Amino acid sequence: MDKSPVNRKILSIAIGSALLLALPVLAGIAGESYLVTLFSRILIYALAAVSLDLILGFGGMVSLGHAAFFGIGAYVVGILSFHGFEGTPIIAWPFALGGHQSGLVLWPAAVLLAGAAAAVIGALSLRTSGIHFIMITLAFSQMLYYFFVSLEAYGGDDGISLFSRNTFPGIDLGNDTQFYYLCLAALAAFLFLSYRLVHSRFGMVIRGCKENERRMKSLGFSTFRYRLVCFIIAAAGAGLAGALIANQTEYVSPGLMHWTRSGEILVMVLLGGMGTLFGPVLGAITLLLLEEFLSIYTEHWMVYLGPFLVLMVLFAKRGIYGLIAGGNNNHG
Amino acid sequence: MLLFIEQLLNGLQLGIMLFLMSAGLTLVFGIMQVINLAHGSFYMIGAYVGATVTARTGSFILGILTALPAAALAGMAVEVLVLRRLYKKEHLDQVLATFGLIMFFNELTQIIWGRQPLYMDVPRWLSGSIELIPGIPYPSYRIAVICVGIMVGVLLYLLFTHTRIGMQIRAGASNREMAGALGVNIRLLYTLVFGLGTLLAGLAGVMAGPILAVEAGMGENILIFTFVVIVIGGIGSIRGALAGALLVGMVDTLGRAFLPTLFRLFLSAAYADGVAASLASMSVYILMAGVLVYRPRGLLPAHG
Amino acid sequence: MGESLLSVKSLVKRFGAVQASNNFSLEVAQGELHALIGPNGAGKTTALNQLCGELMPDAGRVFFDGRQITRMPVYRRAQMGLARSYQITSVFEHLTVRENLSLAVQAHKGHSFRFWKKAVDDPVIRRAVLQAMARVGLEKRANMQAANLSHGEKRQMEVGMALAGHPKMLLMDEPYAGMGPGGAVELTKLIRKLKTEFTILLVEHDMSAVFSLADRITVLVYGQTIATGTPQEIRANPEVRQAYLGDEVNG
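Okay, so let's go over this structure. (Residues numbered from 1 in each chain as written. Chains lettered and ligands numbered in written order. Predicted model: local features only at pLDDT ≥ 70, side-chain atom pairs only at ≥ 80, totals over all residues. Heavy atoms only, no water.)

**Regarding the interface of chain A and chain B**
Right, on to step 1. At the interface, 41 residues of chain A touch 46 residues of chain B.
Right, on to step 2. Summing both partners gives a buried area of about 4000 Å² for chain A against chain B, and 81% of it is carried by carbon and sulfur.
Right, on to step 3. In terms of surface lost to chain B, no three residues of chain A exceed Ile131, Met135 and Trp259 of chain A, which account for 16% of the buried area on that side.
Right, on to step 4. Between chain A and chain B we count one salt bridge in total.
Right, on to step 5. Glu299 of chain A is paired through a salt bridge with Arg115 of chain B; the nearest N and O atoms lie 2.7 Å apart.
Right, on to step 6. Summed over the shared surface of chain A and chain B, the number is three residue pairs in polar contact (both at pLDDT 80 or more).
Right, on to step 7. Secondary structure elements with two or more residues in the side of chain A that touches chain B: helix H5 (130-149), helix H10 (259-272) and helix H12 (302-315) of chain A.
Right, on to step 8. No other element matches the 13 residues that H5 of chain A contributes to the side of chain A that touches chain B.
Right, on to step 9. In terms of residue class, the side of chain A that touches chain B is built from 28 nonpolar, nine polar and four charged. (Contact = heavy atoms within 4.5 Å. Buried area = accessible area lost by both parts, 1.4 Å probe. Salt bridge = Lys/Arg side-chain N within 4 Å of Asp/Glu carboxyl O. Polar contact = N/O pair within 3.5 Å; in protein donor to acceptor, adjacent residues only side chain to side chain. Helix = DSSP H or I, 4+ residues; strand = E, 2+ residues; numbered from the N terminus. Nonpolar A, V, L, I, M, F, W, Y, C, P; charged D, E, K, R; others polar.)

Here is the structure:
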């Protein structure tokens, strides 16, 4: 069997990882410390994109509402931190629930709530498929967007600022370099978990559902249940990314869950190569770097990105990762 | 009571706008099986062209008369250049490509017209109000919008049931290959259907101009409601689009107007307004969720 | 004669003005190979779809293994042991033969909400997959992508998938469709072997296969059963001959 695609894949991942690990050092040498914050952001979006790839690239579910879970994760951190700082309870009745500043409490909460929201939205949406599913996920995420806009207490359209990043034992999240490595660790951990997931029994079922759902049912699988669980897991990942973005920017706003944000994350997955797990990381890096550097030349860089995206869809569907790693990229 | 009638009419007017938007979109979904996220862009094009021409010439009619062909031509150009290649592709591809189109159009309008929103005035000959029901004045402009919408609905009905081209469209919808074999020029037909859809969107846009602000991104806001309308009404069904549009228009308008009052009955004013505002903004989606549970294919789905 | 494993009582199914199933009834005994034949448009596929759950009848009832399954979803019937192979081969094109069979096996070896261990390393699954491959003679193709198999091999694999869960009954939807003479011979050999282990309902057009394999035959015309019996009885039945009008009804 031709080993070279596998070797190219491993090599490119190794090089990429090494570069990412060394980034703060490289940035220091170059004297461009803003690169650390830029790449923290990129890593966080990469996490969101990988989580979307689980349901999109492996599960075949085209969701235009993934940013909703991203936003929920961010708001959990935002609201609880806000109350934690102010010292006010979120609700006083039927039981007192105070705020918090610790990442150890907030981030699992973000993940859990994002997952819970996905359980509800997924249960309703996954009864449909195709165009219906796309539009319904879109509509639900917009519902959440408008809901958060209507929350005057939490800034409405303007959102809320965090007074400082969360606390985390042993690490000073306020230090940009330490925060960067935390994000890198989170992404690496999620990638590893996703890799195991995709090759596990569960992963095989999900991939089967994408490929031929009718066959899966006639084999005896309750495809709805498996898809729902996958949807929830992906949302949990997005929730974690949301918690991190809230810390990175020290600000949360409803814009984080606007459907155009879902679209951006979708673009990252496609750009990098869907169904590959590492592709979305590449996609996030590419898209965000493009944004950063193109905007130096022209504030209207989107007028070029738009048609570029159209061309990509029509002619280069496998994405960048597909081009680099070559071969059959169906096994993550 | 007066307030109720007024809000009812507002709901009707919003419903009509949504109908114009969703009629075209549901046709495209149902006939060409393509999901087109960029539909809102044609609404925007209609609004921008209409606003510009009206400002330059002082004539609202001229504004409409240029906005419609602009939206239709832009639509047909997009169909020929991009959409045509997407018909056989997966929905994901269609989503991404049309998302790219949104980016393009939004940015293009900002390049041409700048970032500041444009404002359209209600034309003077429509700026008064009429007492439809004695004692209840209602803005003439909004009444005009409602009338136009009804006219369009009737015209569409006649088009589809009484003309050859309408029949061809319906044939093309049920069986593309057969219709093609029978001599119907499917490619041209699809382009025309798409153009019709974008023309309707452009009409909605130019009529919305005096009511809302004309700015980049305006299309996306109404697009969401349009999708909800189509999901509720049933994909591919114009009757469904009408039913869904009126339902959504009413629920949203009446919800926003009356939920605060309703909640004030048993909550303190501060809480009531907050909860009501949140619920009002979600009401349409809750409606959609409800419809989905009982009728996953929509209220009036198109026949097979 | 064994008791009925599958019992179909007066299924009715209408599509607008078309009556696809008109009080269709059928009994399949345990251990037999029962063929369902009928001229084109008789409603065989509609009937089959109602049996496996992809279509819900307007009226009538279906019993399988003693339980009523009329409105049960597809996957539950499969879990109960009612397996199906499709007329147009329906497999996982991008997965290898081994992976295809793995999935089929997985469906019947406990739930699949296991997120950590690699499925391909699971010894329980591996063993069953090897058995399944051997049963249909595809060991040599284990690592080939399904899309690259020949038409006949894909068919075999699909049958292998249907059997991976040791079903109580196998519904076969026109497996001979599009098969060349060589493939047909192989397929007949395979089905003959399967006959000894499984109860089979064979929906088919190919008369020579039907008459050489079937224990009993039911004839379906315009959605209605017009005759049931052994191959000899059916061959001699005047109504059947009339229904086929000139079609060759010899073994």
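**What about the packing of aromatic side chains?**
Right, on to step 1. Applying the stated rule across the entire model yields 25 aromatic pairs over all chains.
Right, on to step 2. What links up through ring pairs into an aromatic cluster is the set Phe202, Phe221 and Tyr226 of chain A together with Phe113 and Phe115 of chain C.
Right, on to step 3. Here the basic side chain of Arg165 of chain A rests over the ring of Phe179 of chain A, its NZ or CZ set 4.4 Å away from the ring centre.
Right, on to step 4. Just above the ring of Trp116 of chain C sits the side chain of Arg196 of chain A; from NZ or CZ to the centre is 4.6 Å. (Phe/Tyr/Trp six-rings, centres within 6.5 Å; stacked < 30°, edge-to-face > 60°. Lys NZ or Arg CZ within 6 Å of the ring centre and 35° of its normal.)

**Some words on the interface of chain C and chain A**
Right, on to step 1. Each partner contributes residues to the interface: chain C has 37 residues there, and chain A has 31 residues.
Right, on to step 2. For the pair chain C and chain A, the two sides together bury roughly 3200 Å², of which 58% comes from carbon and sulfur.
Right, on to step 3. Ranking the residues of chain C by area buried against chain A places Tyr75, Phe115 and Trp116 of chain C at the top, with a combined share of 21%.
Right, on to step 4. As a salt-bridge pair, Asp122 of chain C and Arg201 of chain A come within 3.2 Å of each other at their nearest N and O atoms.
Right, on to step 5. On the surface where chain C and chain A come into contact, there are 22 residue pairs in polar contact (both at pLDDT 80 or more).
Right, on to step 6. Those elements giving two or more residues to the side of chain C that touches chain A turn out to be helix H2 (74-80), strand E6 (82-85), helix H3 (97-106) and helix H5 (151-163) of chain C.
Right, on to step 7. Its residues assigned to classes, the side of chain C that touches chain A shows 16 nonpolar, eleven polar and ten charged.

**Some thoughts on the sheet that holds strand E1 (residues 4-15) of chain C**
All names here are of chain C.
Right, on to step 1. Overall, antiparallel pairing links the four strands, which are arranged E2-E1-E4-E5 in an open sheet. For this open sheet the edge positions go to strand E2 (18-29) and strand E5 (67-68), each flanked by a neighbour on one side alone.
Right, on to step 2. The pairing of strand E4 (residues 59-64) with E5 spans two bridges and is antiparallel. Each residue of the ladder has a partner; that of Phe63, found in E5, is Gln68.
Right, on to step 3. In the packing of helix H1 (residues 44-52) onto the sheet, contacts are made with E1, E2 and E4, and the angle to E1 comes to roughly 120°. (Pairing = 2+ DSSP bridges. Axes fitted to C-alpha atoms, helices over the stretch in contact; angles between N-to-C directions.)

**Focus: the sheet that holds strand E9 (residues 216-221) of chain C**
Residue and element names in this part refer to chain C.
Right, on to step 1. Taken in spatial order, the six strands line up as E6-E7-E8-E3-E9-E10 in an open sheet, and their pairing is mixed. The open sheet has two edge strands with one neighbour each: E6 and strand E10 (224-229). Each strand axis lies, on average, 20° off the axis of its neighbour in the sheet, ignoring direction.
Right, on to step 2. Seen against the sheet, helix H6 (residues 181-195) touches strand E3 (33-37), strand E7 (169-173) and strand E8 (199-203) and runs at an angle of roughly 145° to E8.

**Structural notes on the packing of H10 of chain A against H12 of chain A**
Residue and element names in this part refer to chain A.
Right, on to step 1. The N-to-C vectors of H10 and H12 enclose an angle of 50°; their axes lie 11 Å apart at closest approach. Classified by the angle their axes make, H10 and H12 are oblique. Judged by the sense of rotation from one axis to the other, the crossing of H10 with H12 is left-handed. In contact with Val267, Leu270 and Leu271 of H10, H12 contributes Phe308, Leu309, Met312 and Val313.
Right, on to step 2. Among the residues forming the contact of H10 with H12, the class breakdown is seven nonpolar, no polar and no charged. (Parallel < 35°, antiparallel > 145°, perpendicular 65-115°, else oblique. Left-handed = near helix turned anticlockwise from the far one by under 90°.)

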